[in-house]
Amino acid sequence: MKRNPYNVDRYDHYVVEEEAPLLEWLLAHLKGSKTKIKATLQGRGIKVNGKITTQFDYLLKPGAKISVSQTKKNDQFKSRYVKIVYEDRWLVVIEKNIGILSMAAGHKSLNVKSVLDDYFKKSGQRCTAHVVHRLDRDTSGLMVYAKDMETEQIFEHNWHEIVYDRRYVAVVSGEVEPDEGTIANWLRDNKAYVTYSSPVDNGGKYAVTHFHVLNRTTEHSLVEYQLETGRKNQIRVHSADMGHPVCGDPKYGNGDDPIHRLCLHACVLCFYHPVTGERMEFETPIPTQFRQLF
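We now turn to the structure provided with this report. Remember, predicted model here, so these are calculated numbers, not experimental data.

Brief notes about the overall build of the chain
For the chain, the helix and strand inventory stands at six helices and 17 strands. Expressed as lengths along the three principal axes of its C-alpha atoms, the size of the chain is roughly 70 × 40 × 40 Å. Expressed as a percentage of the 294 residues in the chain, the buried residues total 47%. Restricting to contacts in the chain with at least 6 residues of sequence separation, those with at least 24 account for 62%. Counting only carbon and sulfur atoms, one obtains 50% of the accessible surface of the chain, whose full area is about 15700 Å².

Written out as structure tokens, the structure is:
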């Protein structure tokens, strides 16, 4: 078979002759390592009868048409704000850009949920995205969305047992000393929805943040934060409490805005799969603009 020089159809096509689970069939009939084949399946690069399928145990019937992407990924999903990192039939892990809300607020606000719902509809999936946790509009990084209410409920009711590592990286104002430490206090919103902290119980929620300095100059520090609790604006308030607010923070910052964005990025997300119990570990690189300051 000659490859199309213009690469219009970047799929190899096959017809199934015997009944078999999808992954089993792929491993038996495709060239390439098991890791690569699984990555193509998870990357939404496999179509069964024209529909994208990521379910590894999907039962193939004789006569089914299989299309395998040559680029290891499906080109159907394009968004400048959202990148799909992992997807299966229960959940989707995405990397969010700055400038987009996690979910709708108000009439026509740009939000991740509606971007995903649109993708599910176009790819023939009968599901919608259910918000499990949130990132602020101007925070970038990793998030997980459930594809059905049952999975969302498992996440909601067992969040602290399921999620075992969540880390952020931030550029903060000034030179942070010491190299590591922990901030713990109570966080509560005032009437203007501004979160403030208190060393004693103020009727708010107890919040614990561990920090570790990765790099520093006399002007800025690159800090990794590990969340023990996930409260609203927790890192932003705790950074300000340290006297080193997150750069580019209009709410809790000091006007220091070296790259004209909120310098906060969710870089690590690790959890036990709510349905299969499998360990799911995701990490994204520190944004280049952050690193360039050091």
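With respect to the nonpolar core
Counting 42 residues, the largest nonpolar core has Ile94, Leu116, Tyr145, Tyr168, Tyr225 and Val246 as its most contacted members. Other than its neighbours up to four places away in sequence, tyrosine 145 contacts Leu91, Val92, Ile94, Ser102, Val112, Lys113, Leu116, Ala129, His130, Val131 and Val132.

Brief notes about helix H4 (residues 149-162)
Taking 1.5 Å as the rise per residue, H4 with 14 residues should run 20 Å; its terminal C-alpha atoms sit only 17 Å apart, a clear shortfall. At glutamate 156, H4 shows its strongest bend, of approximately 55°. Residues of H4 that are buried: Thr151, Glu152, Phe155, Trp159 and Ile162. The backbone nitrogen of glutamate 150 has a side-chain oxygen 3.1 Å away, supplied by the residue at the start of H4, namely aspartate 148.

Brief notes about the packing of aromatic side chains
Using the criterion set out here, one finds eight aromatic pairs in the structure. Arranged with centres 5.7 Å apart and planes meeting at 70°, the rings of phenylalanine 155 and phenylalanine 271 form a pair that is edge-to-face. Of this pair, phenylalanine 155 sits in helix H4 while phenylalanine 271 sits in strand E16 (residues 264-272), and the two are 116 residues apart along the sequence. Take phenylalanine 155 and phenylalanine 271: they sit in the same class, and that class is buried. Aromatic rings pair up to connect Tyr86, Phe155, Trp159, Phe271 and Phe282 into one cluster.

Topic: the pattern of salt bridges
In this structure the tally under the stated criterion is 14 salt bridges. A salt bridge links lysine 83 to glutamate 95; the shortest N-O distance between them is 3.9 Å. A residue pair is termed long-range when its members are at least 10 positions apart, and lysine 83 in strand E7 (residues 82-87) and glutamate 95 in strand E8 (residues 91-96) qualify at twelve residues. Among the salt bridges present, the one from lysine 113 reaches aspartate 117, with a minimum N-O distance of 2.8 Å. In this pair, lysine 113 and aspartate 117 both sit in helix H3 (residues 112-122), four residues apart, roughly one turn of the helix. Relative accessible area serves as the criterion here: at 25%, lysine 113 is assigned to the partly exposed category. One network of salt bridges, in which partners are shared, links Arg44, Glu87 and Lys147.

Some remarks on the side chain of serine 102
Tracing the backbone through its elements, the reader meets serine 102 in the loop between E8 and H3. At 2.8 Å, the side chain of serine 102 forms a polar contact with the backbone oxygen of leucine 135. Discounting residues that sit within four places of it in the chain, serine 102 has contacts with Asn111, Val112, Lys113, Val131, Arg134, Leu135, Met143 and Tyr145.

Considerations on unusual backbone geometry
Residues glutamate 177 and proline 178 are joined by a peptide bond in cis, for which omega reads -5°. Tracing the backbone shows proline 178 in the loop between strand E11 (163-173) and strand E12 (180-189). Positive phi, normally seen in glycine, also occurs at asparagine 233, with a value near 55°. Relative to the assigned elements, asparagine 233 resides in the loop between strand E15 (220-227) and helix H5 (234-241). Accessibility expressed as a relative area gives 9% for asparagine 233, which makes it buried.

A look at the side chain of arginine 166
One can find arginine 166 in strand E11. Within the structure, the side chain of arginine 166 is placed 3.4 Å from the side chain of tyrosine 168, a separation counted as a polar contact. In contact with arginine 166, not counting residues within four places along its chain, are His133, Trp159, Tyr225, Gln226, Leu227, Gly230, Val268 and Leu269.

Some remarks on the sheet that holds strand E3 (residues 46-48)
Strand order in the open sheet made by the four strands is E1-E6-E3-E4, with antiparallel pairing throughout. The outermost strands of the open sheet, each flanked by one partner alone, are strand E1 (11-15) and strand E4 (51-52). Of the strands in this sheet, E1, E3 and strand E6 (65-69) are in contact with helix H1 (residues 22-29), which crosses E6 at around 70°.

Quick notes on the pairing of E8
Of all six residues making up E8, six are buried, and the element is well covered by its neighbours. Neither face of E8 is exposed, since Leu91, Val93 and Glu95 on one face and Val92, Ile94 and Lys96 on the opposite face are all buried. Judged from the five bridges that link them, E7 and E8 form a sheet pairing that is antiparallel. When the bridges of E8 are listed, valine 82 appears paired with lysine 96. Between the antiparallel neighbours E7 and E8 lie three residues. Summarising the sheet, E8 and strand E10 (residues 140-146) pair through six bridges and their orientation is antiparallel. For isoleucine 94, the partnering residue across the bridge sits in E10 and is methionine 143.

Reading the values: the criteria
- Residues numbered from 1 in each chain as written.
- Predicted model: local features only at pLDDT ≥ 70, side-chain atom pairs only at ≥ 80, totals over all residues.
- Heavy atoms only, no water.
- Helix = DSSP H or I, 4+ residues; strand = E, 2+ residues; numbered from the N terminus.
- Buried < 20%, exposed > 50% of the residue type's maximum accessible area, 1.4 Å probe, protein only.
- Contact = heavy atoms within 4.5 Å.
- Areas by Shrake-Rupley, 256 points an atom, 1.4 Å probe, with all protein chains shown as cover.
- Core = buried A, V, L, I, M, F, W, Y, C linked by side-chain atoms within 4.5 Å.
- Expected span 1.5 Å × (residues − 1).
- Bend = angle between axes of the 7 residues up to and from the residue.
- Polar contact = N/O pair within 3.5 Å; in protein donor to acceptor, adjacent residues only side chain to side chain.
- Phe/Tyr/Trp six-rings, centres within 6.5 Å; stacked < 30°, edge-to-face > 60°.
- Salt bridge = Lys/Arg side-chain N within 4 Å of Asp/Glu carboxyl O.
- Pairing = 2+ DSSP bridges.
- Axes fitted to C-alpha atoms, helices over the stretch in contact; angles between N-to-C directions.

The values are spatial; any link to function lies outside them.
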